[in-house]
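Summary of the model geometry
One-letter residues, chain by chain:
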Amino acid sequence: MGLDIEKIRGLFPVLHQEVHGKPLVYFDNAATTQKPQAVLDALTNYYQHDNSNIHRGAHALADRATRYFEETREAIQHFINAREAAEVIFTKGTTEGINLVASTFRRKFVEKGDEIIISTLEHHSNIVPWQMLCEEKGAILKVIPINEAGEILFEEFEKLLSPKTKLVSIVHASNALGTINPVKQVIDAAHAVGAKVLLDGAQSSSHLNIDVQELDCDFFAFSAHKLYGPTGLGCLYGKREVFETMPPYQGGGEMIKEVTFEKTTYNEIPFKFEAGTPNIGDVIAFKAAIDFINELGKDAIRAHEDELLSYANEQLSQIKGFLPVGTAKEKVSVLSFNINAMHPYDVGMMLDANGIAVRTGHHCTQPLMKRLGLEGTVRASFSVYNSKSEIDKLAEGLSRIARIKNK
Ligand code: PLP
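Residues numbered from 1 in each chain as written. Predicted model: local features only at pLDDT ≥ 70, side-chain atom pairs only at ≥ 80, totals over all residues. Heavy atoms only, no water.

Formally: UniProt positions are given in the numbering used here, feature names are shortened, and annotations may be inferred rather than shown by experiment.
Under an unreviewed UniProt entry, the name given to the protein is Cysteine desulfurase, and the source organism is Algoriphagus winogradskyi. Checking UniProt for the protein, the heading Sequence similarities (unreviewed entry) contains the comment "Belongs to the class-V pyridoxal-phosphate-dependent aminotransferase family. Csd subfamily."

What follows is the structure, encoded as structure tokens:
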């Protein structure tokens, strides 16, 4: 049986509003998803009843807050099938997870002349930290090319690999085009030359089943806000044996075992990488988002989103001047396109006037846009609470816009 979309929509208060006098159609889910009432309640509940700093507290509130905080860590462990909860570190988001690895990895493992590999599909947050690392260490950044459909050229990737490759950092699913990368093959090939692999899971974590043990990735970074959870929060998974060899990221409270003015010894993972008071309330609320996903089931969510993507493709392809961007065989529910000779921003503004929220521009993937010879695209990205009737509204809106243009 399929999902009851009307019932699911009822769980998201923000969806029930008008924008410019029209019912909101929210198709900007790749940027951030909306939050179910359960997440909002969990956040309020924490501040109303349990607010306290965690770990080491000798009172009931600290005890409760610590327990709920660590329960989220365990929920994430199961969500991505990590071996143990200690392999999950809380961060500010995918960006901070990648920066944590780039910053700590470079201090210990990267020398002049070493190589880091990324792909043409990367978000800026999986480009810039590696450029900074390469600049500082005299290392070399190599980039896997793509075909016109937006798929990486695997044979070209294999040619880039060598014993000098220290790390391959690649997006699991592209935010700009929706392409799902063949990450298992990438990981196996990278491991064969002794390189570690980081997956940018910002988009894949909400659409695909994630099993970090089966994938065998060394790191997996993702953001709570793309998973129906709070903003400014994310997780970095790392294999225990890899995390243990890495120096700490930031110094401060919680990440220490013992401090003297002469020397400090560091805490065990995950605390070694969690200096300072963390985002306790949002971590606790994030568990409600994970519970929401688990109750629906990732397979059912994906089936619904895939159906929306193929329906949108069918409907939009009938519009004169519709130019899809990114036609990979394996995709998550992201539809990037342009309307012939129109600036994406103008299309976005006209859709907004109809209550339809899409994203326009380079989607933080300027090198990818350059490779495709585009200034940007219009991006409609679908989530579990979207419906075919909303896609009909998008198609109607775009037809009107294209007609104005073609007059
Ligand atoms: N990587 C990808 C593929 C993304 O889509 C995003 C956000 O759009 C990020 C990284 C950065 O995520 P955050 O801003 O939550 O750190």
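**Considerations on helix H2 (residues 37-50)**
As a reminder, the rule being used: Runs of H or I in DSSP of at least four residues are treated as helices and runs of E of at least two as strands, each being numbered from the N terminus. Given a helix with a known number of residues, its expected span is that number minus one, times 1.5 Å. Here's how the labels work: a residue is buried when its accessible area is under 20% of the maximum for its type, exposed when over 50%, partly exposed in between, all with a 1.4 Å probe on protein chains only. An arc is given here, and it is the one of the directions from the helix axis to the C-beta atoms. Any two residues whose heavy atoms approach within 4.5 Å at even a single point are treated as in contact.
The end-to-end C-alpha distance of H2, which contains 14 residues, comes to 19 Å, matching closely the 20 Å that a straight helix rising 1.5 Å per residue would cover. Among the residues of H2, Val-39, Ala-42, Tyr-46 and Asp-50 are the ones counted as buried. The buried side chains of H2 occupy one side of the element, clustering within an arc of 60° when seen end-on. In H2, the exposed residues that point more than 90 degrees away from the buried face are Tyr-47 and Gln-48. Among the structural elements, helix H3 (60-80) and helix H11 (280-296) are those in contact with the buried residues of H2.

**Here we look at the pairing of strand S7 (residues 165-171)**
The cut-off we apply is this: At least two bridges found by DSSP between two strands are what make those strands a pair. A crossover counts as right-handed when, viewed with the strands pointing away from the observer, the path leading from the first strand over the helix to the second turns clockwise.
The buried fraction of S7 amounts to six of the seven residues, a majority that puts the element mostly inside the structure. In the sheet, strand S5 (residues 115-119) pairs with S7 via three bridges, with the strands oriented parallel. From the neighbouring strand, Ile-117 faces S7, where its bridge partner is Val-168. Pairing of S7 with strand S8 (residues 196-200) involves five bridges; the strand directions are parallel. Its bridge partner being in S8, Val-171 is matched across the sheet by Asp-200. In this view, the connection linking S7 to its parallel neighbour S8 by way of helix H7 (residues 183-192) has right-handed handedness.

**Topic: the pattern of salt bridges**
Selection criterion: Here, a salt bridge means any side-chain nitrogen of Lys or Arg that lies within 4 Å of a carboxyl oxygen of Asp or Glu.
With the rule as written, the count across this model stands at 21 salt bridges. For Lys-184, the salt bridge goes to Asp-188, with nearest N and O atoms at 3.1 Å. In this pair, Lys-184 and Asp-188 both sit in helix H7, four residues apart, roughly one turn of the helix. Across the pair Asp-291 and Lys-287 runs a salt bridge, and its minimum N-O distance is 3.1 Å. Residue Asp-291 and its partner Lys-287 are located together in helix H11, separated by four residues, close to a single helical turn. Relative accessible area serves as the criterion here: at 29%, Asp-291 is assigned to the partly exposed category.

**Describing the site of the ligand**
Heads up, the rule is: Residues are classed as near a molecule or strand on a simple rule: at least one heavy atom within 4 Å of it. Two N or O atoms form a polar contact when they lie within 3.5 Å of each other; inside protein one atom must be a possible hydrogen donor and the other a possible acceptor, and for residues adjacent in sequence the pair counts only when both atoms belong to side chains. Surface exposure here means Shrake-Rupley accessible area, sampled with a 1.4 Å probe, where a residue is shielded only by the protein chains that are shown. Classes in brief: Ala, Val, Leu, Ile, Met, Phe, Trp, Tyr, Cys and Pro nonpolar; Asp, Glu, Lys and Arg charged; the others, Gly included, polar.
Taken together, 13 residues lie near the ligand, and Thr-95, Asp-200, Ser-223, His-225 and Lys-226 sit nearest. In the model, an oxygen atom of the ligand is placed 2.8 Å from a nitrogen or oxygen of the Gln-203 side chain. A distance of 2.6 Å is found between an oxygen atom of the ligand and a side-chain nitrogen or oxygen belonging to Lys-226. For the ligand, the protein covers 85% of the area, taking 390 Å² as the surface of the free molecule. Counted by class, the shell around the ligand contains two nonpolar, nine polar and two charged residues.

**Observations regarding empty space enclosed by the protein**
The line we're drawing: As defined here, a cavity is a set of points on a 1 Å grid over the protein atoms alone where a 1.4 Å probe fits but cannot get out. A pocket is an open set with protein on both sides within 12 Å along at least five of seven lines, and residues line them when an atom is within 4 Å of a point. Grid points are joined across faces, edges and corners, and a volume is the space filled by probe spheres set on the points. Segmentation of the chain into domains, including their bounds, is taken from an automatic or database domain assignment.
In total, this model carries one cavity of 30 Å³ or more according to the counting rule given. There is about 40 Å³ of room inside the largest cavity. What lines the largest cavity is Asn-29, Thr-33, Ser-206, His-207, Lys-226, Tyr-228, Glu-305, Phe-382 and Ser-383. Considering only residue class, the lining of the largest cavity consists of two nonpolar, five polar and two charged. Counting the residues that make up the lining of the largest cavity, at least three belong to each of domain 1 (5-30 + 297-406) and domain 2 (40-294).

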